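Listed below are the residues making up each chain.
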Amino acid sequence: TFESMMAHVNENKRRQTSVGDMVGLGDRTVPFATKDSPLQQLEDSNHLLGDPEALKKELERKGYLFIRNLHDREEVLAARLRVLKHLHDLGGKLDESKPWEDGVLLSRCGASCVPFMEGQNDITHSDEVKKVLEGVRPKQFFSSIFGEECRTFDFKWLRAVPNKAFTGAHVDNVYMSRGTDRLLTMWTPMGDIHTGMGTLAMLEGSHSLPSYNHFQETYGNLDVEKANLEGTGWFTTDPFELSEKLGGVWKTSDFKAGDVMIFTMRTVHMSTVNTTGLARVSCDTRWLPGTEKADPRYVGDGVKEERKKFGLRADDNSEDAKVTIEQKKREWGFL
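Residues numbered from 1 in each chain as written. Predicted model: local features only at pLDDT ≥ 70, side-chain atom pairs only at ≥ 80, totals over all residues. Heavy atoms only, no water.

Visitor: What is the right way to look at unusual backbone geometry in this model?
Guide: Peptide bonds are trans in most cases, and residues, glycine excluded, mostly fall at negative phi. Positive phi values are uncommon outside glycine, yet Ala 33 reaches one of about 60°. Positive phi, normally seen in glycine, also occurs at Asn 69, with a value near 60°. Relative to the elements of secondary structure, Asn 69 occurs in the loop between strand S4 (64–67) and helix H3 (73–90). (Helix = DSSP H or I, 4+ residues; strand = E, 2+ residues; numbered from the N terminus.)

Below, the structure written as structure tokens:
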């Protein structure tokens, strides 16, 4: 409803990140955007909209594009409510003493409590959510970037992230390298999300700095499924394990409904920690040129096949998993 959307907007106006605020980034807590902080403010690329060549150069230079208002704001807020209604209807997830539209989780509802919503299902492909994720605006944007008609994976990485949860530092190539390397990720926060709720943080330069060559040739080329890797597939939960040794600058920002982050398969990224009691709703989608090969695991019938889960909802105690990321890091000379 309009009233629910406005309540969400007004609440988040009171929760904006200021310079010097302490932000949880993986295992570390750091001041935001001070002169000497290792976590700086993202700069958007909206001034380049309408110039596909300039956008492509910016993507090649930084490894990402932060675009404000790519989606229609009201459509994103409607999609957010559709996801929260799903959590409400399931029962035992949201704090029933608060309006369900606020998205306040029960204090005991952690990562194993919130529903797994990734894939191709009634929520990811509901009218409200699909209208955002596969809407005219992103299709036009990616078609202009690729210089041809684009397509997107059927599989959607839709998540509600609870208190104390975050995503560790990784590159997406380790999860989806069995198709074209011209694949891009778009992260869409569903709602106004400040850094204390779990925003995306990018390690600028990690996709192209020469100091990252060995990292990209080893970890970056890993296929976590083929390797039978145990756990999440993340390289580390300590952001400075990479930036202090190999360079680059971590950057994040508050996001508004409609904003997106677009980045390459080789750009290291992670999230800040959700320190609130709110469900941080977001979705990753993947985009590629229509003439290029898609990773078969994430389109058509491949979506229906049962697979080991990685990332935040990684399968625990998999009997088939023989290799840990620590073992691989020793093998590659990082430990």
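The structure having been displayed, the exposition proceeds.
Visitor: I keep staring at the pairing of strand S2 (residues 28–31) and nothing clicks. Help me out?
Guide: It is a general feature of regular strands that their side chains alternate between the two faces of the sheet. With four bridges connecting them, strand S1 (residues 22–25) and S2 associate as antiparallel partners. Within the sheet, the bridge partner assigned to Gly 24 lies in S2 and is Thr 29. Counted along the chain from S1 to the antiparallel partner S2, the turn is two residues long, and its residue Gly 26 has a positive phi close to 60°. (Pairing = 2+ DSSP bridges.)

Visitor: Explain the sheet that holds strand S11 (residues 269–271) here, please?
Guide: Paired through backbone hydrogen bonds, the strands of a sheet run either parallel or antiparallel to each other. Spatially, four strands are ordered S3-S9-S8-S11 in an open sheet, and the strand pairing comes out mixed. Strands with a single pairing partner mark the edges of an open sheet, and in this sheet they are strand S3 (39–41) and S11. Put simply, the sheet's adjacent strands are angled 35° from each other on average, direction ignored. Pairing between strand S8 (residues 200–204) and S11: three bridges, direction antiparallel. Within S11, the residue paired with Met 202 across the bridge is His 269. (Axes fitted to C-alpha atoms, helices over the stretch in contact; angles between N-to-C directions.)

Visitor: Hey, could you run me through the pairing of strand S6 (residues 157–161) in this one?
Guide: The buried count for S6 comes to four of five residues, which makes it a mostly enclosed element. Pairing of S6 with strand S12 (residues 280–289) involves five bridges; the strand directions are antiparallel. Considered in S12, the bridge of Leu 158 is made with Cys 283. (Buried < 20%, exposed > 50% of the residue type's maximum accessible area, 1.4 Å probe, protein only.)

Visitor: I would appreciate a short explanation of the state of the cysteines in the present structure.
Guide: If you walk through the whole model with that rule in mind, you get one disulfide. A sulfur-sulfur separation of 2.0 Å characterises the disulfide bridge that pairs Cys 109 with Cys 113. Judged by the sign of its S-S torsion, about -90°, the cystine formed by Cys 109 and Cys 113 is left-handed. Overall, the relative accessible area of 14% leaves Cys 113 in the buried class. Considering cysteine sulfurs only, Cys 283 is the nearest to Cys 150, which forms no disulfide, with 16 Å between them. The exposure class assigned to Cys 150 is buried, which follows from its relative accessible area of 13%. (Disulfide = S-S within 2.5 Å.)

Visitor: Sorry if this is basic, but what is going on with helix H5 (residues 136–146) here?
Guide: In an α-helix, one full turn covers 3.6 residues, which means residues spaced three or four apart are oriented alike. Considered for burial, the residues of H5 that qualify are Pro 138, Phe 141, Phe 142, Ser 143, Ile 145 and Phe 146. Downstream of H5 by one or two residues, Gly 147 has phi in the positive range, about 75°.

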